[in-house]
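Each chain is listed here by its residues.
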Amino acid sequence: MVILDPEIDERTVAPNLEKFLKVITKDGGTIDNVDIWGRRRLAYEIQKKSEGIYAVVNFTATSEATQELDRQLKLDERIMRTKVLRAEEAIAQVAAEAKRSEERAARKRRPEPAEGKA
């Protein structure tokens with residue numbers, strides 16, 4: 001996941017990302033999907049900005065190429081944050097969050113014990 005500066009034009013996000021993703025394809029990796037979510041509100045301010053442009057990229061690459069991609073992304077001033085996850089870690093996080101939300105929903109459906117009945 002990449003969060004870009006909200007002041008850049010959203011139409012330039014894909015071409016900018018393509019420049020960085022050449023590191024992956026040059027090393028023999030593949031870009032599976034590029035999903036640009038657009039401008040979203042941040043959970044907390046980053047560089048005194050409350051919004052960012054989110055992009056999620058799914059790719060297959062060696063760890064060296066992934067590290068080089070992350071390094072290059074961090075050097076660019078237009079990139080506010082990056083987060084690289086292995087597919088296994090991402091799947092585990094999604095499953096854990098689904099389980100937590102299911103448990104919360106089950107607690108809400110559970111009837112309250114009646115008070116004062118004997």
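Residues numbered from 1 in each chain as written. Predicted model: local features only at pLDDT ≥ 70, side-chain atom pairs only at ≥ 80, totals over all residues. Heavy atoms only, no water.

**Section: the sheet that holds strand β1 (residues 2-4)**
Step number 1: Read from one edge of the open sheet, four strands run β2-β3-β1-β4, paired in antiparallel fashion. Sheet topology places β2 (30-46) and β4 (79-82) at the edges, where each strand pairs with a single neighbour. Adjacent strand axes in the sheet meet at a mean angle of 25° when their direction is disregarded.
Step number 2: Alignment of β1 against β4, held across three bridges, turns out to be antiparallel. (Pairing = 2+ DSSP bridges. Helix = DSSP H or I, 4+ residues; strand = E, 2+ residues; numbered from the N terminus. Axes fitted to C-alpha atoms, helices over the stretch in contact; angles between N-to-C directions.)

**Quick notes on the confidence of the model for the protein chain**
Step number 1: Across the protein chain, pLDDT averages 85, with 92% of residues at or above 70.
Step number 2: Per-residue pLDDT, averaged within each element of the protein chain, yields its smallest value for helix α3 (residues 87-109) (80) and its largest for β1 (92). (pLDDT = per-residue confidence, 0-100.)

**Concerning the side chain of Asp5**
Step number 1: Mapped onto the secondary structure, Asp5 falls in the loop between β1 and α1 (13-26).
Step number 2: At a separation of 2.8 Å, a polar atom in the side chain of Asp5 contacts the main-chain amide nitrogen of Glu7. (Polar contact = N/O pair within 3.5 Å; in protein donor to acceptor, adjacent residues only side chain to side chain.)

**Looking at the pattern of salt bridges**
Step number 1: According to the stated counting rule, one finds eight salt bridges in the structure shown.
Step number 2: Across the pair Asp9 and Arg11 runs a salt bridge whose closest N-O atoms are separated by 2.8 Å.
Step number 3: Exposure remark for Asp9: the relative accessible area of 34% places this residue in the partly exposed category.
Step number 4: Exposure remark for Arg11: the relative accessible area of 69% places this residue in the exposed category.
Step number 5: One salt bridge connects Asp76 with Arg78, and the closest N-O pair in it is separated by 2.7 Å.
Step number 6: Here Asp76 falls in the buried class, since its relative accessible area comes to 15%. (Salt bridge = Lys/Arg side-chain N within 4 Å of Asp/Glu carboxyl O. Buried < 20%, exposed > 50% of the residue type's maximum accessible area, 1.4 Å probe, protein only.)

**Things to note about the pairing of strand β3 (residues 49-60)**
Step number 1: With three bridges connecting them, β1 and β3 associate as antiparallel partners. If you follow Val2 over to β3, its bridge partner there is Ala55.
Step number 2: Sheet topology note: the β2/β3 ladder contains eleven bridges and is antiparallel. Bridge pairing links Arg39 to Ile53 in β3.
Step number 3: Counting the residues between successive antiparallel strands, the hairpin from β2 to β3 contains two residues, one of them, Gln47, with a positive phi of roughly 55°.

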